[in-house]
Each structure stands twice: as C-alpha cells, then as structure tokens.
Amino acid sequence: MKIVKLILKILIWVGAVLSIVLFFTVNWLLSVWSNLTMDELVYHLTTSLEGTNVTMIRDYIVFYGIPEFVCVLSLVIVLIVLKKKKKRVRWFYLATFLGAVALLLYSFFYFDNRMGFVKYLKAQYIPSTFIEDNYVAPADVEITFPEKKKNVIYIYLESMEMTYTDREDGGAFQENIIPELVDLAREGEDFSGDSDILNGGISLNGSTWTMGAMFAQSTGLPLKTGGVNANYISSQESMYPSVKSIGEVLKDGGYTNELLLGSNASFGGRRLFYSGHGDYFMYDYIYAQEQKIIPEDYYVFWGFEDEKLFQFAREEATRLSKESAPFNLTLLTVDTHFEDGYVCRLCEKKYYNGDQYSNCMACSSKQVNDFINWLKEQDFYKDTVVVLCGDHPTMDSDFCLNVPKSYQRKVYTAILNSDVEPVNGDQYREYSTMDMFPTTLAAMGIEIEGDRLGLGTNIYSDKETLIEKYGTEYCNEEIEKKSDFMNELNSIELNDSLVASIGEEATITPVDKEDGLEIDFKALAVFKDVDGFKMLEAELQRPGEEEKVVVSLDGYNEEGDYYYNSEMIKDYKADNAEIVVYFIDKDDNRYVLKKYSSK
C-alpha cells in the first residue's frame, strides 16, 4: 500500500511539474510567435537549432523559466508546511492533481485554438494528390537561357509585407512606414497591373517561416515534414534531394551561386538546403568570423546587422561581376526579425511615437533603397535583375494586431530591371511566393516551356497561378494534407553521413552475462527508402585474433520503415571485445554504423 501511495505521489509531482512547464512554454510560444504554424513548429523540432538567437533563450529563462521554478518551489514549500497534518497533505495532493489536470487541459485547448493542432493532426491522415497533380518537375521541361545571360541579385526581406504601406497604396496602416520600398515597387514590377493598389505574394502553408519561404521561392514547393524522413533531415547531404531548385537551374546554366546572410547558415537547415541545391558559397556570420571580416567576439541580434550585410554585398557583387561567369547573389536581411527587430545606428525614431519595430522596418526600407541606388551606379547593373521579396508575413506578436482579419496580408514584392514585360500588363494578378521560382527565371530572359515550374507559374505569362485557379483557401487546405508525393520527393538517400548519423543515435552495450554478449539498440530507425536495404549485421572480434563472429540483427518493418531491436549473442564474452555494426546495401556496400571497444 505504501508503495502504491509513493508511486501516486511521484506521478502527481511529475504531472504538476510537466503541466507548469507546458503552460508557460505554450504561452511563451504563442506570445512570441503570434503567427506560428504547426508546419513551422514541426519543422524546427526536426532540424538543427544551431545558430538560434541567444536572446530568445535568455528571455525564455528570465520571463518563463524563473516563474516555472517559483511555482514548483511554492508547491514544495506548501507541502513542507502541511507535512505534519496528514489530512491536509491529502487535500494538497488532490488539489495539486486537479490543478495539474486543469493546466494541461487549458494548455492543450489554448494551443489547439491558436495553432489548429487537432486540425493539423487530422490533415496528416487525409491524403491529397493536389501537389502531385499540379507539380511540374524542372527536369521534365525545356529551359532555354538567352545568349546574353543576366546576373540576379535576390534579396529576401525578413518579415517585409505590403501591409506596412498606407491604405491608399493598398496597405493596412495609417502611415506608410516603408516609403522607399513603395517607390521601388512602383518603379519595378509587382504585378498590380493598372491598379494603384500595390501587390505582393501570398505565403501559403509550408512557406510562412524563413526556411519554408526560401524553399518555396527556390523550388515552387511548400516545405513539408513528417515521418522518419523528418527525424533525419539534418543527416542528409541535401534536403529534398530529388527536387530541382533555382540554384541548380542556374548552376546548370553556368552561374556562380552565393548566399549572404548575417546569421549562422546552419539554423533551420539553410546551409543544408543551399549547399545541396546549387552548391552555393556560404557567406554567413560564421564565415565572417573565421575570415576575420568581423571580430571573433562580435555578435548582435542574430550575428551581424544589415548595415554590414549590405556593405559585404557591395563587395561581393563587385567581386562576382569581375568573374567570367554570370552570378546569382542571394541575400537575407535580419534586422526586421521578430520580436521588435534590431535597432542599428542608422535607425531613426520616426514612426508611431518611436515604436521600435516600425522604425526598424523604416530603416530597412532606407538601407535597401541605398543599396539599389549604389547598384544603379555600377557598370554591371544593366546586366543584372534585382528581385526584392519578403520572406513571409511578420511573426512579431503585436505589430499587426489592428489589421482586420479580412485583409489579405501579402509579402513585399518588386522586380527591377526585368528583361520581359507581363503579357497582360493591365491585369492585377493573384499569386503566391511559390510563383517566384519561374517568374525570377523569366525576368532574367530565360524561357520556360509551359511557363510553370514546381507549383509556380511565370506571372509574366498569361497562365493562371494556382491561387487564381483554385483560390487561396483551397490551396492552403490541400497543401496542409498528407502528401505521399512530397514524401517520395524527400526520400532519404543512403550515404555515409546518413549512416553515421543513425549510428550516433544507436547504443551498443556489451554486458558480461552468463549467456554471453548483449547488443542493445534504442529503437534504431534506419531509413524509409527500403530499396537500398539488405541487412544489418554486427561483427565481433577479440583484439589480436583473426576469428570473427558475425550476427544478423533482428528487426521489424512497420509501414516501410525499418527498426532494429536488441540481439543476444550466445557464447561470446564481453571482456576485451571489439564490435563493429555495419549496414549492407543491395550492392553489398558496407557502411559502418557503430564501433565499440572495451579495451
């Protein structure tokens, strides 16, 4: 009876602590990321968080971690005070249990109400062929480069929306806080036709966070995760290896690709994607440190600020322009990232009584304009297309609280120095950020058979975009659903880095028992693409002896995913044993998963 009571008390304490942590964590997530989506949350839970802004972690600890500790400590103090009064202690545990249940239920329903958690889960079990039915693989269409190839400078503007303009220009604010960008949109092309209302791209599901947005604009596809593939996405040599992106199209055309950003490129899988899709040269915060371009201890916001980004961009564009190959210089700004942005020395207190985020947006608008003005003075500008595109709508928790829900928020979009004009130049087009893939190539004078790539449409053409054909709501609903086709596109390729990564997660524990040697794996998932599978074996050998003991490890197949359990090796002692576990593919190639030596 005492053991049962002890177990119940332990479970109540565990439940209480978990409910408190979950309550504060949910509130932190939804207060900091007001527009967080399940797609984004799942993605970041399954990819590298290397390079995360340290201030976010610090703020969580200060504003949420400490209150969590205080709540738990308070429960401990109350229990100590009541310890001598058994009846009250019973009431304490009952109240704690009920309180934990209430907190858990509140957290769940609050999270579900804001994030659509249940709706998301249901969608993962409802298959849709929408993506497959509308996908055009770049490898299947003819892409023709002009005789005189144009360079492209593609600038992802962090969290930049057309929303920030005034109502007269089609925005949702009383005052236009990005006047320079508005002028650039009017000078260039935003596909608003004859309308005075400025236009921009709609961020559909799978493109509402930075990596999702960059993936969508580069491939014409939403960034979807799920299943075993998601667990090992960081171990791949390429994200979505069978998908062809704008980087690969341009590389095939003889272009030099470069990604320049003021944060760690590894965050969110950006280094993985761009290195595997176009062999981009990475000029990020880490590179700037290693090359002593910035001091080793220099760190502001996410790395280095946009003032330095545009300074380095001037240098890189000049250097690239002197090479024989045409270039694709891709930039990602960072100062307008949530929460409230980064105030640099160039920022002025100009808008909304000194509101920090407004002034960071205004500062970004001015810096982009200054960079464009510098470009126009360069000899290579006449041969260069400039694409300015917001990556996604802002995630700042309160900046757009007064924007009506009926207002369609769009990211800022402008193409400068395009080689072509829209076929229907007077038409106001409805398009998504995925349409930027073929549209950017078309702006460079590159002809695309059928004017479609990925799920994207060349907006310069007269072809319908998917939003024009199906509507935004329908596109979002279908994209959110399970897509076997997307899983196939992201099939895991067997390679040394993948196998090594899986091996790091496996534990091999030799135990000297009367029975012999036990090899224990912790639910080792190998890979989803079973075409390469043959067997998993362990090879045992004593140092200095030629004789080896080879055993096949048992496992099971669950819906195409292979898992491996433990295997008891009879009559082999663990002392001084060497163990090598290796994977054998169908071509009899061996990949070492794990080595163990008890010497």
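Residues numbered from 1 in each chain as written. Predicted model: local features only at pLDDT ≥ 70, side-chain atom pairs only at ≥ 80, totals over all residues. Heavy atoms only, no water.

## A few points about the side chain of aspartate 335
Applied cut-off: Secondary structure elements are defined from DSSP: runs of H or I of at least 4 residues count as helices, runs of E of at least 2 residues count as strands, and each element is numbered from the N terminus. Think of it in three bands: with a 1.4 Å probe and only protein chains considered, a residue is buried below 20% of the maximum accessible area for its type, exposed above 50%, and partly exposed in between. Here the positive residues are Lys and Arg and the negative ones are Asp and Glu; neither His nor the chain ends is included. Basic side-chain nitrogens of Lys or Arg form a salt bridge, by our definition, when they fall within 4 Å of a carboxyl oxygen of Asp or Glu.
Residue placement: aspartate 335 occurs in the loop between strand S6 (327-332) and helix H14 (356-376). Lysine 308 provides the closest opposite charge to the buried, salt-bridge-free aspartate 335, at an N-O distance of 9.9 Å.

## Some details on the pairing of strand S7 (residues 384-390)
Selection rule: Strands are treated as partners if at least two bridges between them are detected by DSSP.
Of all 7 residues in S7, 7 are buried, a share of seventy percent or more. The side-chain alternation of S7 yields two buried faces, one formed by Thr384, Val386, Leu388 and Gly390 and the other by Val385, Val387 and Cys389. Pairing analysis gives 7 bridges linking strand S2 (residues 151-157) to S7, with the strands arranged parallel. Along S7, the bridge assignment pairs valine 152 with valine 385. Bridge count for S7 against strand S8 (residues 411-416) is 4 bridges, and the pairing is antiparallel. The residue of S8 that forms the bridge with leucine 388 is alanine 414.

## Examining the sheet that holds S2
Put simply, the test is: The contact definition used throughout considers only heavy atoms, calling two residues in contact when any of these lie within 4.5 Å. Axes, fitted as lines to C-alpha atoms, cover a helix only where it is in contact. Angles between the N-to-C directions of the axes lie from 0 to 180 degrees.
Across the sheet, 7 strands lie side by side as S3-S8-S7-S2-S6-S4-S5; this open sheet has mixed pairing. Edge positions in the open sheet fall to strand S3 (200-201) and strand S5 (281-283), since each of these has one partner strand only. With respect to the sheet, helix H8 (residues 210-219) is in contact with S2, strand S4 (256-261), S6 and S7, its orientation differing from that of S2 by roughly 150 degrees.

## Comments concerning the nonpolar core
Rule in force here: Nonpolar cores were defined as sets of buried Ala, Val, Leu, Ile, Met, Phe, Trp, Tyr and Cys residues, with membership established by side-chain atoms within 4.5 Å.
Residues Phe215, Leu221, Tyr240, Leu250, Tyr274, Ile415 and Leu441 are the most contacted members of the largest nonpolar core, which totals 62 residues. With 5 residues, helix H15 (residues 436-443) is the single largest residue contributor to this core. When sequence neighbours within four positions are dropped, the list of residues in contact with leucine 441 reads Ile246, Val249, Leu250, Ile446, Ile448 and Leu453. Within the second largest apolar cluster, 59 residues are counted, among which are Phe267, Tyr283, Phe301 and Leu416.

## Observations regarding a positive patch on the surface
We count it as follows: Candidate patch residues must exceed 30% relative accessible area and have no salt bridge, after which like charges are joined if within 9 Å and Val, Leu, Ile, Met, Phe, Trp or Tyr side chains if within 5 Å. Each accessible area value is a Shrake-Rupley result obtained with a 1.4 Å probe; residue values ignore everything except the protein chains displayed when judging cover. Note that the charge is assigned to NZ on lysines, CZ on arginines, CG on aspartates and CD on glutamates.
A cluster of basic residues, Lys2, Lys5, Lys9, Lys83, Lys87 and Arg90, forms a positive patch at the surface. Breaking the positive patch down by element, the ones donating at least two residues are helix H1 (2-32) and helix H4 (86-115). By residue number, the principal contributor to the positive patch is H1, which donates 3 residues. Inspection of the secondary structure assignment puts lysine 83 in the loop between helix H3 (54-82) and H4. Accessibility expressed as a relative area gives 63% for lysine 83, which makes it exposed.

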